[in-house]
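The residues making up each chain are set out below.
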Amino acid sequence: MKINLSNIKKAKKLLDKNDCVAIPTETVYGLAGNAYSDQACKKIFKLKKRPKYNPLIVHYYDLESLKKDCHLNKNFFLLFKRFSPGPITFVLNLKKNSNISIFANNNKSSLAVRFPKHPIARCLLKKLGYPLAAPSANLSSKVSAVSTADVEEDFGKKIKYILDGGKSNVGVESTIIDLRKKPKILRLGGLEISIIKKILKKNMKVDINPMKISSPGQSKLHYSPGLPIRLNAKKIKDNEAFLCIKKMKQKKKNYFYLSKKGSLKEAAKNLYSTLRKIKKSEFDTIAVSKIPDIGLGKTINDRLKRASKY
Ligand code: TXA
Ligand code: MG
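These lines cover the structure that appears in this document, whether it is placed above or below.

What counts as what
Residues numbered from 1 in each chain as written. Chains lettered and ligands numbered in written order. Predicted model: local features only at pLDDT ≥ 70, side-chain atom pairs only at ≥ 80, totals over all residues. Heavy atoms only, no water. 1 Å grid on protein atoms, 1.4 Å probe; cavity = no way out; pocket = protein on both sides within 12 Å on 5 of 7 lines; lining within 4 Å. Points joined across faces, edges and corners; volume = space filled by probe spheres on them. Helix = DSSP H or I, 4+ residues; strand = E, 2+ residues; numbered from the N terminus. Pairing = 2+ DSSP bridges. Contact = heavy atoms within 4.5 Å. Axes fitted to C-alpha atoms, helices over the stretch in contact; angles between N-to-C directions. Patch = residues over 30% accessible without salt bridge, like charges linked within 9 Å, V, L, I, M, F, W, Y side chains within 5 Å. Areas by Shrake-Rupley, 256 points an atom, 1.4 Å probe, with all protein chains shown as cover. Salt bridge = Lys/Arg side-chain N within 4 Å of Asp/Glu carboxyl O. Lys, Arg positive; Asp, Glu negative; His and termini not counted. Charge placed at Lys NZ, Arg CZ, Asp CG, Glu CD. Phe/Tyr/Trp six-rings, centres within 6.5 Å; stacked < 30°, edge-to-face > 60°. Lys NZ or Arg CZ within 6 Å of the ring centre and 35° of its normal.

### As for the layout of surface pockets
Approximately 500 Å³ is the volume attributed to the second largest pocket. Around the second largest pocket, the lining comprises 22 residues; the ones closest to its centre are E26, P87, N169, V170 and K265. Mapped by element, the contributors of at least two residues to the lining of the second largest pocket are α4 (74-83) and α8 (264-280).

Structure below.
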């Protein structure tokens, strides 16, 4: 996608004034504000109706800018070199003298940081003198947004500007890894954990359903399309939408597929937009056929499982 510099300028102008702007990233759209500004961070929480205890991810352009705010370590450098920019978020120790607003991370001693790959997000970050705090640009506990139309659906005119970057390529949120001690996965996401394991060459904990919620986005009621969901369904009930991993031979009005031939990458990309489409099509419930629990299929199943708690 071509970068339109006048659109970037428009976004920068609002962000410089501590306002919020929706930005495209390769995972999902973000609701962004200056991470150094109390006013901007408070505004993000208000717009998203997000509980104050749930900290935000901060988006950086490069390593130099991150060094001012966080303590970096060996595991971080290993993963950063291999996967950034890309769909991975690192939880690190915050420096005491960092400029991060206490409203961005609920005054915690840690900070979740990420380097988005989307060229428009990168171009914008490069031009700003500060990093961007940005949660996913959807209303709290609902399905994330992967296009400008999705963001508009949730926020209407409440957000002054949505920077258009086309449909998000990955389609699910970043994978979150806590690197403060022994590496620990806190959220499954757009980067497969088997690949992360290979780089770290050691055991890694996966703690995506902790008793004490360390990553509140992992709370049970999340990613809800607003309709009840049944998993591993074989038969469909009346007025139920049927969500399948690949295109079926029979063409029926209530059949929705995530990819043509069963590609998990394509399925992840289409997951949220398909759930939004079903919600708009007046079905009462959603039945989901079995999705392979490997690679990105694990992330898809994680989201559907949480959404099924609706
Ligand atoms: O792909 C993504 O990560 C997208 C795009 C916009 O970058 N962002 C995103 O943000 O998914 P959000 O706010 O919807 O999810 C961030 C998750 C939340 O579950 C939050 O609890 C967790 O990150 N988190 C934030 N700061 C944390 C911290 N210091 N320690 C542990 N978890 C943290
Ligand atoms: Mg979110």
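### Thoughts on the sheet that holds strand β12 (residues 240-246)
Overall, parallel pairing links the four strands, which are arranged β11-β14-β12-β13 in an open sheet. Each edge of the sheet is formed by a strand with only one pairing partner; in this case those strands are β11 (229-230) and β13 (255-259). Relative to strand β14 (residues 285-288), β12 runs parallel, the two being bridged by four bridges. Each bridged residue has a counterpart across the sheet, and for F242 the counterpart in β14 is A287. Running at roughly 145° to β13, α8 makes contact with β11, β12, β13 and β14 of the sheet.

### So, a positive patch on the surface
A cluster of like positive charges, contributed by K247, K251, K260 and K261, occupies part of the molecular surface. On the secondary structure map, K260 appears in the loop between β13 and α8.

### Quick notes on unusual backbone geometry
When glycine is set aside, most residues are seen to have a negative phi, and most peptide bonds are trans. Residues S84 and P85 are joined by a peptide bond in cis, for which omega reads 0°. Along the chain, P85 turns up in the loop between α4 and β5 (88-94). The backbone phi angle of N18 is positive, close to 65°, even though this residue is not glycine. With respect to the helices and strands, N18 occurs in the loop between α1 (5-16) and β1 (21-23). You will see that E282, though not glycine, has its phi angle at about 60°, which is positive. With respect to the helices and strands, E282 occurs in the loop between α8 and β14.

### Thoughts on the packing of aromatic side chains
Counted under the stated rule, the structure contains eight aromatic pairs. When the centroid spacing of 5.8 Å and the interplanar angle of 90° are considered together, the rings of F256 and F283 count as edge-to-face. Taken together, the residues span a long stretch of sequence, with F256 in strand β13 and F283 in the loop between α8 and β14 at a distance of 27 residues. Three or more aromatic residues joined by ring pairs make a cluster, and in this case those are Y60, F76, F77, F80, F90 and F115. The ring centre of F103 lies 4.8 Å from the NZ or CZ of K42, which sits over that ring. One residue, R303, lies across the ring of Y223, its end atom 4.8 Å from the ring centre.

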